[in-house]
Amino acid sequence: MNVKNKIIIFNFIFLIIISSTYAQDISLWPNWVFTTPDNIIDVYPGDNLDNMMKNLNPGDKLLIHEGTYTHNHFCEFEFHGTVNQPIFIEGISGEEIIFKQLDVNQNNINVYAGEYFSIRNIKFEGGSAGMRLRDVSHAVIEDCEVYNTRGNSINANQVATNNLYFMHNHIHHNSCHGEGFYLGDHDGAPNIMTNSVVYNNLIHDTCTYYKVNCEKEDGDGIEVKQGSHSNLIKDNVMYNTKVTGIITYGTDGNPSNIVEGNIIIDTEGHGLQIQGETIARNNIVINSGGRNLNSKDHVGDTKNLVFQNNILIGGEPSVRFNNFGNREGMVFSNNIVYNDGGTAIQINDGLSNGIFEGNYIQGSYPSELSSGVTLGRSLTQDFIDSNNMNYYPKDGFFSGQNQISGHNVNHDLLYQTRGNSIYAGAFEKTDNIGYEILKDFKYPSRADLNQIHVSVNGNDNTGDGSSSNPYNTINKGAEELTTEKNHLVIHEGTYYLTQAINFYEKPGTVDKPYII
């Protein structure tokens, strides 16, 4: 392109290169999702989107341009990629792509079967469920928004699924049954979910949209059903859920599910409801309308519940176990439970063989637990700024606790390493900067981790280079490139240059080249 004073960008395709050195754990994504596609297919409003989605082949990437794609019928697809040639269905980063279902009795999208495919950066508005995954494995649902549905937002409960990855999705304002994620079948095997990841999602205001003819309102944020196992529920934020924030059942003797680093605020029901066969650590639960932690026999029996290094504030009682002391593998250690003037812990059947050690308690609790309790002082004395939801330790009060043999917690909520002598609660104190909890994603999108965005609608002074707040000029974007922020994304438009773009002082490396 021989143009001296302006650059025109149309439909430019960018290669995304991901480094393994960012604050969030990129290793949680499957390697195949970083594969370069063989073929790019552009879609614009007015094109036959349904037909194009039904005819994707291994190695295809369907690149969807900004606009609202409306339908009022049953939409069902199969996406059969391979580990070396996945199928990608993506909205262009930084643009608004809406799939709008007008019929409240039809799901917005149904994936009847598929493997090795990714759906990314699409808003699913309306319908019965936002997305139903049936006979699906090795699938990534990322950077999507699901809202204004009549039923639950995303479900995978009709047949067995495995290796599903729900990453950085925004789930809100659904109705009736109203779960954010409904994963696995209520009755367990064979329709279970295994070896899957629910990571860094934002879920809020469930059961608040469509109130007509609801037989039942559930509204759990994340529900993992009986028999589903070997799943990771990590670093999600949820608030204002109708019932429970996160509910897990049992695994029927299979490996435990892990519930880690989640933040749950102001649920109408319980914050965490855990039947058993779950490891729950480094979570923060604040002011649940029910209990912050509720554990009881449900579809199966309570057993093998390991609850460590969590912070629970409020709730009444804050913790309740129907079955603890007379069950195998029960551990409650190094937690902080503060419920000033109320009941901190209620255990209906005593300790017996359970492990109860190193906990800091404010509020009433059974006297037989005393050997495992240190009395808390107050919220204001023990945390940096509890009035603003900053529950980082103010001083060394929570320090000096021992790891539980066979149940080491190797890092805290901020990925700081824990040694043999640790802090109770979710934070291993290393400074006084604190950690203010926000009703927002815990981490940014993977797309923003290594990208700098430039748009004709951006601003060099107030922008930060993210997809939602881009810079305005290519010169500014080039100036901000680093070996960590190595991908300059230039959105469609005409850019007038006031000076040459200088890349001479921006040397890349063989494993971190600059991508423009």
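In short, a report on the structure. Please read these numbers as outputs of a predicted model, since none were measured by experiment.

It is worth spelling out the overall build of the chain at this point. Summing up its helical and strand segments, the chain has four helices and 44 strands in all. Relative to the globule expectation of 24 Å for 516 residues, the C-alpha radius of gyration of the chain, 24 Å, shows essentially globular dimensions. Dimensions along the principal axes, computed over C-alpha positions, put the chain at roughly 80 × 50 × 40 Å. Looking at the chain as a whole, 58% of its 516 residues qualify as buried. Intrachain contacts of the chain at a sequence separation of at least 6 include 66% that bridge at least 24 residues. Total accessible area on the chain is roughly 20,300 Å²; 45% of this is exposed by carbon and sulfur atoms.

Here the focus is the pairing of strand E42 (residues 451–454). The alternating pattern of E42 places Gln451 and His453 on one face and Ile452 and Val454 on the opposite face, and all of these are buried. Bridge count for E42 against strand E43 (residues 487–490) is four bridges, and the pairing is parallel. Paired with His453 across the two strands is Val489, which belongs to E43.

Turning next to the pairing of strand E29 (residues 305–308). Of the two faces of E29, the one lined by Leu305 and Phe307 and the one lined by Val306 and Gln308 are each fully buried. Taken together, the four bridges between strand E26 (residues 278–281) and E29 define a ladder with parallel strand orientation. The residue of E29 that forms the bridge with Ala280 is Phe307. In this sheet, strand E32 (residues 331–333) lies alongside E29 in parallel orientation, the contact comprising three bridges. Note that in E32 the partner of Val306 across the bridge is Val331.

With that out of the way, let us pick up the packing of aromatic side chains. Scanning all chains against the criterion turns up 21 aromatic pairs. Centroid distance Phe332 to Phe356: 5.3 Å. Interplanar angle 5°. Geometry classified as stacked. Of the two residues, Phe332 sits in strand E32 while Phe356 sits in strand E35 (residues 355–357), which places them 24 residues apart along the sequence. Exposure class is identical for Phe332 and Phe356. Each is buried. Geometrically, the ring pair formed by Tyr360 and Phe398 is edge-to-face, given 5.0 Å between the ring centres and 85° between the ring planes.

Moving on: the state of the cysteines. All chains considered together, the criterion is met by zero disulfides. No disulfide involves Cys75; its sulfur sits 15 Å from that of Cys144, the nearest cysteine. Overall, Cys144 belongs to the buried group, its relative accessible area being 3%.

Among the structural elements, His170 can be located in strand E14 (residues 170–172). Reaching out from His170, the side chain makes a polar contact with the side chain of His204 at a distance of 2.8 Å. In contact with His170, not counting residues within four places along its chain, are Cys144, Glu145, Val146, Leu202, His204 and Phe441.

How each quantity is defined
Residues numbered from 1 in each chain as written. Predicted model: local features only at pLDDT ≥ 70, side-chain atom pairs only at ≥ 80, totals over all residues. Heavy atoms only, no water. Helix = DSSP H or I, 4+ residues; strand = E, 2+ residues; numbered from the N terminus. Rg over C-alpha atoms; globule rule 2.2 N^0.38 Å. Buried < 20%, exposed > 50% of the residue type's maximum accessible area, 1.4 Å probe, protein only. Contact = heavy atoms within 4.5 Å. Areas by Shrake-Rupley, 256 points an atom, 1.4 Å probe, with all protein chains shown as cover. Pairing = 2+ DSSP bridges. Phe/Tyr/Trp six-rings, centres within 6.5 Å; stacked < 30°, edge-to-face > 60°. Disulfide = S-S within 2.5 Å. Polar contact = N/O pair within 3.5 Å; in protein donor to acceptor, adjacent residues only side chain to side chain.

Purely geometric stuff here, so don't read any function into it on its own.
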